[in-house]
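So you can see what is in the structure, the chains are spelled out below.
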Amino acid sequence: MAKFEKSSRILSMIESICEEKGSAVSNDLELLYRDDFNCVNKPFHFPSDNGRAVLLIHGWTTTPYELRRLGQYLNENGYAVLAPLLTGHGTNPKDLENIKWEDWNRDVEKAYATLKKKHSEVYIIGTSLGASLA
């Protein structure tokens, strides 16, 4: 199967989440926040051993949590998922003052290398700044 067709399959899964839920995030944000409070400023990794993986990259001044539901959905559909916390994010905005884009690029390259060690196919999805890094 061509890489374009495989990427289209992932995009179709994302679209189906949006159709089912109205968005990739629950409408009950209070419940979501209470249940996942300890995950808000943390990276996440959902393993799988079928050779396919997705690297999720969060946006500017956000955290991997914004992509957690998508990551869970992709994992339930057979993909290993890794979402690193980009340097300077997830703490105090002041922590971003001396960070350069090369720091974030290094974070993404390290996460990609981690996935590539165990998976023959690695797809990259990013939002906002994460899309530029992807």
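Residues numbered from 1 in each chain as written. Predicted model: local features only at pLDDT ≥ 70, side-chain atom pairs only at ≥ 80, totals over all residues. Heavy atoms only, no water.

Moving on: the overall build of the chain. Counting its secondary structure elements, the chain contains five helices and four strands. Among the 134 residues that make up the chain, the fraction classed as buried is 40%. Long-range pairs, those at least 24 residues apart, make up 73% of the contacts in the chain with a sequence separation of at least 6. Surface exposure of the chain reaches about 8100 Å², of which carbon and sulfur atoms provide 53%. (Helix = DSSP H or I, 4+ residues; strand = E, 2+ residues; numbered from the N terminus. Buried < 20%, exposed > 50% of the residue type's maximum accessible area, 1.4 Å probe, protein only. Contact = heavy atoms within 4.5 Å. Areas by Shrake-Rupley, 256 points an atom, 1.4 Å probe, with all protein chains shown as cover.)

In any sheet, the strands associate via hydrogen bonds between backbone groups, in a parallel or an antiparallel arrangement. The strand order across the open sheet formed by four strands is S1-S3-S2-S4, and the pairing between neighbours is mixed. Two strands close off the open sheet at either side, each with one partner strand: strand S1 (44-46) and strand S4 (121-126). In this sheet, adjacent strand axes meet at a mean angle of 15 degrees when their direction is disregarded. Two strands pair when backbone bridges link them, and strand S2 (residues 52-57) and S4 are joined in this way by six bridges, in the parallel orientation. When the bridges of S4 are listed, Arg52 appears paired with Glu121. Along the sheet face, helix H3 (residues 68-76) touches S1, S2, strand S3 (80-83) and S4 and points at about 15 degrees away from the line of S1. (Pairing = 2+ DSSP bridges. Axes fitted to C-alpha atoms, helices over the stretch in contact; angles between N-to-C directions.)

It is worth spelling out H3 at this point. Among the residues of H3, Arg68, Leu70, Gly71, Tyr73 and Leu74 are the ones counted as buried. Remark: Gly78 follows H3 within two positions and exhibits a positive phi of approximately 100 degrees.

Take the pattern of salt bridges next. Per the counting criterion, the structure on display carries two salt bridges. Here Glu97 ties to Lys94 by a salt bridge, and the two come within 3.1 Å at their closest N and O atoms. This pair shows no difference in class: Glu97 is exposed, exactly as Lys94 is. The partner of Arg106 in a salt bridge is Asp103, and the shortest N-O contact between them spans 2.6 Å. Of this pair, Arg106 and Asp103 both sit in helix H4 (residues 101-118), three residues apart, roughly one helical turn. (Salt bridge = Lys/Arg side-chain N within 4 Å of Asp/Glu carboxyl O.)

A residue-level look at the chain finds 76% of positions with pLDDT of 70 or above and a mean pLDDT of 85. Of the regions scoring below 50 in pLDDT, residues 21-25 engages in ten contacts with residues more than four places distant in sequence or in other chains. (pLDDT = per-residue confidence, 0-100.)

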